[in-house]
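# Inside the fold
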Amino acid sequence: MAELKTRNQEPGNLHNRRILLGVSGSIAAYKAAPLVRLLVQVGAEVQVILTEAAAAFVTPLTLGTLSKKPVLTGFLRDAASGQWHNHVELGLWAEAYVIAPASANTLGQLAQGLCPNLLSAVYLSARCPVFLAPAMDLDMYAHPAVQQNIQRLRSFGNHVFDSPAGELASGLSGPGRMLEPEQIVAELGRFFVG
Ligand SMILES: Cc1cc2nc3c(=O)[nH]c(=O)nc-3n(C[C@H](O)[C@H](O)[C@H](O)COP(=O)(O)O)c2cc1C
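First things first, this report covers the structure right here in the doc. This structure is a prediction, so every number in the text was calculated from the model and none was measured. (Residues numbered from 1 in each chain as written. Predicted model: local features only at pLDDT ≥ 70, side-chain atom pairs only at ≥ 80, totals over all residues. Heavy atoms only, no water.)

### Concerning the site of the ligand
Lining the immediate surroundings of the ligand are 15 residues, of which Gly 25, Thr 51, Ser 103, Ala 104 and Thr 106 lie closest. At 2.6 Å, a side-chain N or O of Thr 51 approaches an oxygen atom of the ligand. Here an oxygen atom of the ligand sits 2.7 Å away from a polar atom, N or O, in the main chain of Ala 104. Isolated, the ligand exposes 640 Å² of accessible area, and the fraction of that covered by the protein chains is 62%. A per-element tally of the shell around the ligand places helix α5 (residues 104-112) first, with three residues. In the shell around the ligand, the residues fall into seven nonpolar, eight polar and no charged. (Near = heavy atom within 4 Å. Polar contact = N/O pair within 3.5 Å; in protein donor to acceptor, adjacent residues only side chain to side chain. Areas by Shrake-Rupley, 256 points an atom, 1.4 Å probe, with all protein chains shown as cover. Helix = DSSP H or I, 4+ residues; strand = E, 2+ residues; numbered from the N terminus. Nonpolar A, V, L, I, M, F, W, Y, C, P; charged D, E, K, R; others polar.)

### Remarks on the nonpolar core
The biggest cluster of nonpolar side chains holds 34 residues, and the ones touching the most others in it are Leu 21, Val 23, Leu 39, Val 48, Leu 63 and Ile 184. When residues of this core are traced back to their parent elements, those giving at least two are β1 (18-23), α2 (32-41), β2 (45-50), β5 (96-102), β6 (130-134) and α9 (181-193). By size, the runner-up hydrophobic cluster in this structure holds 26 residues, among which are Leu 20, Ala 104, Leu 118 and Leu 119. (Core = buried A, V, L, I, M, F, W, Y, C linked by side-chain atoms within 4.5 Å. Buried < 20%, exposed > 50% of the residue type's maximum accessible area, 1.4 Å probe, protein only.)

### Considerations on the state of the cysteines
As enumerated under the stated definition, the model contains zero disulfides in all. Take Cys 115: it sits in no disulfide, and the sulfur closest to it among the cysteines is that of Cys 128, at 16 Å. Judged by its relative accessible area of 39%, Cys 115 is partly exposed. The exposure class of Cys 128 is buried, given its relative accessible area of 13%. (Disulfide = S-S within 2.5 Å.)

By themselves, these are just geometric observations and shouldn't be taken as functional.
Pasting the structure below:
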């Protein structure tokens, strides 16, 4: 039902758009699967990048199957032959870089300009609009360090979605949930209208 709603509301805005989806290590990483599926359904071309931590929550097999493209998990494509994934090219390829879920750790790296992995290196190279969907537990999200990182990322011109309140994986309740995939797709669709 939600899928149909998204498709009907935003029919063509994301058609043929090149969307890079960065997934970091949050329990909400399982939501990357429906997010990829919805983006593909509205006609977007999706390239997924996983952090090492994210790959423990959601598999490259799942996301690669749904996106119809091999998932990228590190700088190296084939260590033996020296082939690597070009973060500069990926950053230039994308028309939007969506990082969902964005963990506290990843937000901190991006806010500070650190690039220990492919997801963060591509962020520094990307010229396209960047959308971040933070997801973490109540007190992590409320921590001034995380809030400062979010403010800093916004001051750079990134679109950081507010984390809706609700039941969290820990059993606590409050802000910190990842914005739902349907809402992320709707936000992207609205962005590409104008
Ligand atoms: C079961 C479990 C759930 C976690 N959930 C979250 C989460 O929702 N948000 C978050 O910021 N970190 C969470 N973490 C911690 C991150 O996985 C950890 O900080 C990791 O280093 C993030 O790496 P990345 O940002 O490179 O993906 C969780 C860890 C575990 C073991």
